[in-house]
Amino acid sequence: MDAIKGRRSIRKYKPDPVPEEVLRTLMEAVRWTPSWANTQCWEVIIVKESVMKSALANTLTRTNPSLSSMTEAPLVVVLCGRKGVSGFKKGEATTVKGDWLMFDIGLAMQSLCLVAHSLGLGTVIVGNFDHQRVAEILGVPRISM
C-alpha cells in the first residue's frame, strides 16, 4: 500500500543516468506483469538520446504539463501494444470486449511505475501525444491483425 499511496506523477527530474541494473529491474517488472493468457501484448522502447527525447517532446501539445519532463528525464520508456493479441484465440475475440490491449498495457505501466517508485525513481504517464508521429520517430512497424 505504501507504494500505491506514495507514488506521484513527477515532472522534474535530476539529470543522473539510470543505472543499467535498475533499468533491468524495471524491465523485469514489466515482463512479470500479468496479461491475458500471458500474451504480454507489449513491446518496450527505451529512449536515452537527447535528440530522440526532443523529437518525442515535439509530439506533445504545447500546454501538456509533461512537456519539459520528456527532455529532462534521463530516459523515456515507451510501451507499445500489439493489437489483436490480448483477448484473442485463433484470431477471434474471446469476449464481447474484444481487444484487451489497453487493460494489459495499463497493468504493465502500473508495474513499471510502482517498481520505479520503490527504487527511488519518479515517473509520469504521458498519453496525450501524436501517436502516429511517435511511431514514425521510433520506427514502430504498423502491424495489422
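Heads up: the structure comes first, above all this text.
Since the model is a prediction, treat every value here as computed from it, not as a measurement. Residue numbers restart at each chain and count upward from 1, following the sequence in its written direction. For a predicted model such as this one, the threshold for reporting local features is a pLDDT of at least 70, and the threshold for listing and counting side-chain atom pairs is 80 or more; totals across whole chains, interfaces and linings nevertheless cover every residue. Where side-chain values are given, they derive from all heavy atoms of the structure, hydrogens and water being excluded.

Enquirer: Account for the overall build of the chain, with residues named and values stated.
Expert: For the chain, the count of helices and strands is 6 helices and 4 strands. Here a helix means four or more residues in a row that DSSP labels H or I, a strand means two or more in a row labelled E, and each is numbered from the N terminus. Beginning at the N terminus, the succession of helices and strands in the chain can be written as α-α-β-α-α-β-β-β-α-α. The C-alpha radius of gyration computed for the chain amounts to 16 Å, which stays within 12% of the reference 15 Å derived for 145 residues, consistent with globular compactness. Each principal axis of the C-alpha distribution contributes one length, and for the chain these read about 45 × 35 × 25 Å. For the chain, buried positions account for 31% of its 145 residues. Excluding contacts between residues fewer than 6 apart, the proportion of contacts in the chain whose partners are at least 24 apart in sequence is 74%. When the accessible surface of the chain is summed, it comes to about 9200 Å², and 58% of that surface belongs to carbon and sulfur atoms. Throughout, radius of gyration means the C-alpha value; the globule benchmark is 2.2 Å times the number of residues raised to the power 0.38. Each residue is placed in one exposure class: buried if its accessible area under a 1.4 Å probe, protein chains only, is under 20% of its type's maximum, exposed if it is over 50%, and partly exposed if it falls in between. In what follows, a contact means two residues having at least one pair of non-hydrogen atoms within 4.5 Å. Each accessible area value is a Shrake-Rupley result obtained with a 1.4 Å probe; residue values ignore everything except the protein chains displayed when judging cover.

Enquirer: Run through the packing of aromatic side chains, naming residues and quoting values.
Expert: Here the aromatic set is Phe, Tyr and Trp, taking the six-membered ring for Trp, and pairing holds for ring centres within 6.5 Å; pairs whose planes are under 30 degrees apart are stacked, those over 60 apart are edge-to-face, and all others are tilted. A complete count under the given rule lists 2 aromatic pairs for this structure. On the numbers, 4.9 Å between centres and 40° between planes, the contact of Trp 36 with Trp 100 is tilted. Of this pair, Trp 36 sits in the loop between α2 (20–31) and β1 (42–47) while Trp 100 sits in the loop between β4 (92–93) and α5 (101–118), placing them 64 residues apart in sequence. Classification of Trp 36 by relative accessible area gives partly exposed; the value is 25%. The interplanar angle of 85° and the centroid separation of 5.4 Å between the aromatic rings of Trp 100 and Phe 103 together place this pair among those described as edge-to-face. By relative accessible area, which is 49% here, Phe 103 ends up partly exposed.

Enquirer: I'd like a rundown of the packing of helix α3 (residues 50–57) against helix α6 (residues 131–138), residues and numbers included.
Expert: Inter-axis angles, ranging from 0 to 180 degrees, are taken between N-to-C directions of lines fitted to C-alpha atoms, where helices are fitted over the stretch in contact. Axis separation between α3 and α6 bottoms out at 9 Å; the angle between their running directions is 165°. Classed by the angle they form, the pair α3 and α6 counts as roughly antiparallel. Viewed along their axes, α3 and α6 form a crossing whose handedness is right-handed. Counted together, Met 52, Ala 55 and Leu 56 of α3 and Val 134, Ile 137 and Leu 138 of α6 form the full contact between these two elements. Here the contact of α3 with α6 is composed, by residue class, of 6 nonpolar, no polar and no charged. Roughly parallel here means an angle under 35 degrees, roughly antiparallel means over 145, roughly perpendicular means 65 to 115, and every remaining angle is called oblique. For any helix crossing, the convention is left-handed if the near helix is rotated counterclockwise from the far helix by under a right angle, and right-handed if that rotation is clockwise. Under the convention adopted here, Pro, Cys and the residues Ala, Val, Leu, Ile, Met, Phe, Trp and Tyr are nonpolar, Asp, Glu, Lys and Arg are charged, and Gly plus all remaining residues are polar.

Enquirer: An account of the side chain of Ser 69 is needed here, citing residue identities and associated values.
Expert: Of note, Ser 69 is situated in helix α4 (residues 67–72). A residue is classified by how much of its surface remains accessible, and Ser 69, at 3% relative accessible area, is buried. Apart from residues no more than four positions distant in its own chain, Ser 69 is found in contact with Arg 11 and Tyr 13.

Enquirer: Now, about the environment of Asp 130: what can you tell me, with residues and values included?
Expert: Counting through the fold element by element, Asp 130 comes out in the loop between α5 and α6. The class for Asp 130 is partly exposed, based on a relative accessible area of 31%. Separated by 72 residues in the primary sequence, Asp 130 and Asn 58 have C-alpha atoms spaced 9.0 Å apart. Polar contacts here mean pairs of N or O atoms no more than 3.5 Å apart (in protein, one a potential hydrogen donor and the other a potential acceptor; neighbouring residues in sequence count only if both atoms are side-chain atoms). Only 3.0 Å separates the side chain of Asp 130 from the backbone nitrogen of Arg 133, close enough to count as a polar contact.

Enquirer: Mind laying out the packing of α2 against α5, listing which residues take part and the relevant values?
Expert: Axis separation between α2 and α5 bottoms out at 8 Å; the angle between their running directions is 145°. Note on packing geometry: the crossing formed by α2 with α5 is right-handed. Contacts between α2 and α5 involve Thr 25, Leu 26, Met 27, Ala 29 and Val 30 from the former and Ala 108, Ser 111, Leu 112, Val 115 and Ala 116 from the latter. Classifying every residue of the contact of α2 with α5 gives 8 nonpolar, 2 polar and no charged.

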